[in-house]
Every structure is written in C-alpha cells, then in structure tokens.
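Residue strings, one per chain:
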Amino acid sequence: MATSASDLTNVDQYRWKLARQGEMRGDALVLADHGLLQGILRDGALDQLRAVACLPGLVGAALAMPDAHQGYGFPIGGVAAFDPGEGVVSPGGVGYDINCGVRLLRSKLLADDLGPARVAGLADALAAGVPAGVGEGGGRRLDPDELDRILMRGASWAVGQGFGTLEDLTFCESEGTISGADPDAVSDRARQRGHGQAGSLGAGNHFVELGRVEQVYDPEAAEAYGLHPGQLVVWLHSGSRGLGHQVCDDYLRLLARDPEALHPADRQLVATRPDSSNGQAYLAAMAAAANFAFCNRQLLAHQVREITMRALGLGPAALGLGLVYDVAHNVVKLETHQVNGRRRPLWVHRKGATRALGPAHPDLPARYQAVGQPVLVPGDMGRASYILRGTNRAETETFASSAHGAGRQLSRTQAKKQASGRRLAQELAAQEIQVRARSQGTLAEEMPEAYKDVSQVVGVMHGAGLATLVARTRPLAVIKG
Amino acid sequence: MSLPPDHPVPARGLLEHTADLGLWVAADDPAQLFTAAVGALAELMVSGSRQGQLTWLPLELEAGDWAELLVALLNEVVYLWDGESLLTVALELDQLDPTHLQGRLGVIPRDATRHRTVEPIKAVTYHQALVEPQGQGWRAQVILDV
C-alpha cells in the first residue's frame, strides 16, 4: 500500500516520521518542508524508503533528504546505516554511478572582470576540451597496470602523475582514496568500459559550471573555504562512468543468484552481509570504482585548469583554481558514529546524499576544523547552487549526511514535453547564462524546471540545523555532458 | 499499461520515472518480445544508420526468471555500446525459456559520423522489471538508468 501523508507524524517544521510498523526494523524520517514533502510522497520515494527500513541490521532511522525522489532500490536522497554484524550492504543503496560526486574550485578572479564575451569564450573552450558523452571515451586510454593503480589509489594516482597538487588531496572526502579496494574484484567488462573514460565528464546530469559567488551568509566559514562575493568558481559533477555502472550491474546480478543473499520484493534492493564472500567482493569492487571516480574528477579538474589558463591567458598563480572540496554522493563506507551515546562502526549508505561532518571532526583537514566540512549542493542550470557547512547535529541525527542537489521533480519525458517549442539556450542566455549541451534533448531534460528549487532544499537543511548556509553561487555558463 | 485489442504487435513505448526512463514492449510471444526489446532499447540509445559490417556475437545467459533474463540481455546491449563501441542491430535466438537464453547478437561498429546518442542510457535496472503474459500476447517493462 502506498505511503500517504496520513501515515506520517509531523515532528517539527522540517521532520516527518513514518513510525516503525510491520516488517520495518526502525523508523523512516523524511527531512522536508510541507511543499517538498508532497513531491516526495507523490513519486513513490517514501515507499522505497519504507522498504529500506525493512532491511536487517538497520541502525536508527532510514532517512530521506529534502531532495529525495524515486530511484531504484533506495530512493535518491536516501541514507541508511547498518550494523556490521547484523546488517547488510546493498549495491542498490549506492547506485550505478558509484561515487558520483561534486567538486568545487575557487579562483582568484572576479567574475565581473571577465565580462560576458570572455565567459562565453571560456564556455566554448571547456565544451570543446572536456570529453563528454556516453561510451564516447575521450578520456585517457589506460593500460591495465595504470588502471589497477587508479582503482587502488584514486585521486592520488592522478596527483602522482602531475595532474594536480598534494593540496588537492587534502580537500577531497577520504583524501580521494577509499581503502579496501581490490582491482581483482572488478570484472574485465568493467575495466573495458573504464579504460578509455578516465578524465571524461559522461552524460545525463553531469556538468561543468562556471559560477559567480552571489551572496555570503557565513563570513567565517566562507573565509575558511576561500570564498568571497563576486568570485569566479567552477563546479564539476561526474562519477565513475561506465566502470562504476558495470560494477553495480555485475554485483546485482551476482547477488540475484546468491541463495545466501537477502532478496526483497524490489530486486534492486538485493543485499548481503558485509562479511559474506560476495559482500566482501562487492565492497572491494565498490571502493575501486569509487577511487576511479575520485581520479576522474581530479583529471577533469586538471583539464579545467589547463583549458581556463589557455583561454584566459593566465598562469596558475594568477588563476588560482584551488580546490574547496570534493564530495561523494553515491557510496557505502564504514564510518564511526555516535548512536544513543555510544560510538560504533556502521556501514553508511548514501545514495544521492552528501557527507556533512561538523566542526572538530578528525577526518576534516586542519583548515576546516573550526567550521566543519563544506557541503556542496549544486542546483539546476538556471538558478543557484549552494555551499553549506556540516554541523555536529548532523553527526548525531543523520549519520553526518545532507542533501546533495536540487532533486528532480519532472521525469525526462515530462521535461521534454514542457520544453517543446521553447528555445531554452536563448532563454538562459537572456539571463546571462551560457549553456553548451551536446544535444537539444539533453538540454530539455535538464532544464531548470525539471528540478526542485534548490533554495527550498537547502532551506530545509539550514532550518533543521543539519547543514547551514555559507554561500550561494549563480551560474554563468554550464557545459552539459 | 494496456494496449487496445487492435494494436499491432510488437509495440513499444516509454514509461514515466522521475529520474530516468522506462521502456515497455508488447509482442505475441517471448521470443518476439525479447527481440523487440533489444531493438527498442538500441533505437532509444542511438539514432542513425543500421547498415555496416555485421558481426554475430554468440550469447548465452542464465537467470532466475524471465524478467532477470531480459535485464541481463538488455545490459549486454548497453555494455556493447559503452564498452566495445558496437551497436546492436539484431538478435537471433536458438533457445529461450524463463531461465536460459542462447543465440547471437548482430552488431555493427560505432561510426561517429552516422551514429548519435539519443538517450545516454548507462544501465538497465531490475527495479519494476516485468515480463508477463498479457491477453493473447506478452508484455515487458524495464526502467533504464540515464
């Protein structure tokens, strides 16, 4: 039976609880205001969250972030933590694009100093120079040994090859490398899909965005993150490309035929014990794919730096494209969290959610110790994106998790219908937003109205005290994959 | 989704999904259904000529049931495009039952001058995957990761 508003208890302005019932192992908690909740209820995301709450070994509540919408298996915007002994890991709790994520680069430039013509020229250069598209490769062609090293070392491999600086690694989640990766757990097919795709953007909702810092809400955190009003910044959104998709598909298929695995009604939610042989293999392959994604974003950032320097005729010091942070959206990691006053290890699944560590967390770089982790929340191509800071409250309430984006509200076919007859690129250009897309279809599917209002999403996180506003950026140019 | 009784088979269409895309296919029997699903997916992924140097790749798949088998077959099509730069243009079946498929996929090489990505499909999911008899024929649906 579909979950409806009457099944929920309104805890406060931003929290809605579906109390444990039936086969649920814990509560489900939705973070949303009244308006966002209606969308979450409408597309079945809460039914998916209820199914997640039925998985064994769930610790605390299964969580839906305010950008939640229907996924497969887990909802997008879903977070769930499981006990290492009693619980499970699920490829459906990570998703296909393993370690899809975002990184934000700050510059030493003021956006207004560039002017519209140079922004357009830079957008053209980035569209021409950053490889994109499905299966079209364009990335570095890797020999098997190189690929193995990437799967083991992630972004640090790229930095070791000269594609970035050691400081970049300091400002990546998990320093750009997830431990426990085993290249032997990655199939030949996954390797084949990945070997020409390192350093490529991909397609769908992946993008490079030039933005301008429009408003600073929290000067102390903004200073720590190196952000100030008027500044030119670059957002990057990409993941593990075909390699990650193949890893997910390989292990879904393996677990589908594993009699020891747990087989919920939704096949996409198939799960296994973390210490089972297939569970161990999945976690090793997932970590390898996550490392491929960290490396991919590092290589992309290097290309963006090189292209921008050439296009603007600036050297690295004058441009100063430093990394604010790099966060993973789709991942399961063994983390230590405080639950009912006790610190315990948990397998935390984030599917379309961002880690959000509060101040003084030992996993943060020294520069961010006082203010907490940058929580990067990109919006659609026509409105805004946000930088928030993690809070200690998130550590105790959401396993240090926050929203990851605006979240879709229109299906791709609905978006195309609504875009029919419109000249989206011209509409955006009239707002001084340059868009470069590989096809009109992609542009229509990704049009601003296809997404929820990201300001509403981050308003919930801020209001709930789980991640607080630091700065807002406005898009100047968007290059879609 | 029901089809009107006079609807020609095989038929196909898209299903709504918030983040991604769904595909449904209807046909007279499972073999026609699987063949039609391969064609529908390939057309949804890539536009352009289906002429080219045809190669037949042997294929044998095992699965727990019809739906799992169809997802495995369609993921072959996705893999061949993304991993091998081969566009699937045909399916020939020697054996097909709910847990086993044997046959071959006809493929042509990607040609950047003639082939264009329509939908950037990266995987075929098990979510709401369905293969079932419907009326006098069969119907299938899958959700595609875009």
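Residues numbered from 1 in each chain as written. Chains lettered and ligands numbered in written order. Predicted model: local features only at pLDDT ≥ 70, side-chain atom pairs only at ≥ 80, totals over all residues. Heavy atoms only, no water.

Time to look at the sheet that holds strand β6 (residues 100-109) of chain B. Residues and elements named next belong to chain B. Ordered by their spatial adjacency, three strands build an open sheet running β4-β6-β5, and the pairing between neighbours is antiparallel. At either margin of the open sheet sits one strand with a lone partner, and together these are β4 (55-62) and β5 (86-97). Adjacent strand axes in the sheet meet at a mean angle of 25° when their direction is disregarded. The sheet contact formed by β4 and β6 spans eight bridges and is antiparallel. In the strand pairing of β6, T55 is matched with V107. Sitting on the sheet, helix α1 (residues 30-45) is in contact with β5 and β6, with an inclination near 165° to β5. (Pairing = 2+ DSSP bridges. Helix = DSSP H or I, 4+ residues; strand = E, 2+ residues; numbered from the N terminus. Axes fitted to C-alpha atoms, helices over the stretch in contact; angles between N-to-C directions. Contact = heavy atoms within 4.5 Å.)

Here we take up the interface of chain B and chain A. At the junction of the two partners, chain B supplies 41 residues and chain A supplies 40 residues. Of the roughly 3500 Å² buried where chain B meets chain A, counting both sides, 44% is carbon and sulfur surface. Connecting chain B to chain A are five salt bridges. Here E76 of chain B ties to R189 of chain A by a salt bridge, and the two come within 2.9 Å at their closest N and O atoms. At the surface where chain B touches chain A, the tally comes to 15 residue pairs in polar contact (both at pLDDT 80 or more). Taken together, the elements giving at least two residues each to the side of chain B that touches chain A come down to β1 (11-16), β4, α2 (66-84), β7 (116-117), β8 (123-124) and β10 (137-145) of chain B. By residue number, the principal contributor to the side of chain B that touches chain A is α2 of chain B, which donates 11 residues. Looking at the side of chain B that touches chain A residue by residue, the classes come out as 18 nonpolar, 10 polar and 13 charged. (Buried area = accessible area lost by both parts, 1.4 Å probe. Salt bridge = Lys/Arg side-chain N within 4 Å of Asp/Glu carboxyl O. Polar contact = N/O pair within 3.5 Å; in protein donor to acceptor, adjacent residues only side chain to side chain. Nonpolar A, V, L, I, M, F, W, Y, C, P; charged D, E, K, R; others polar.)

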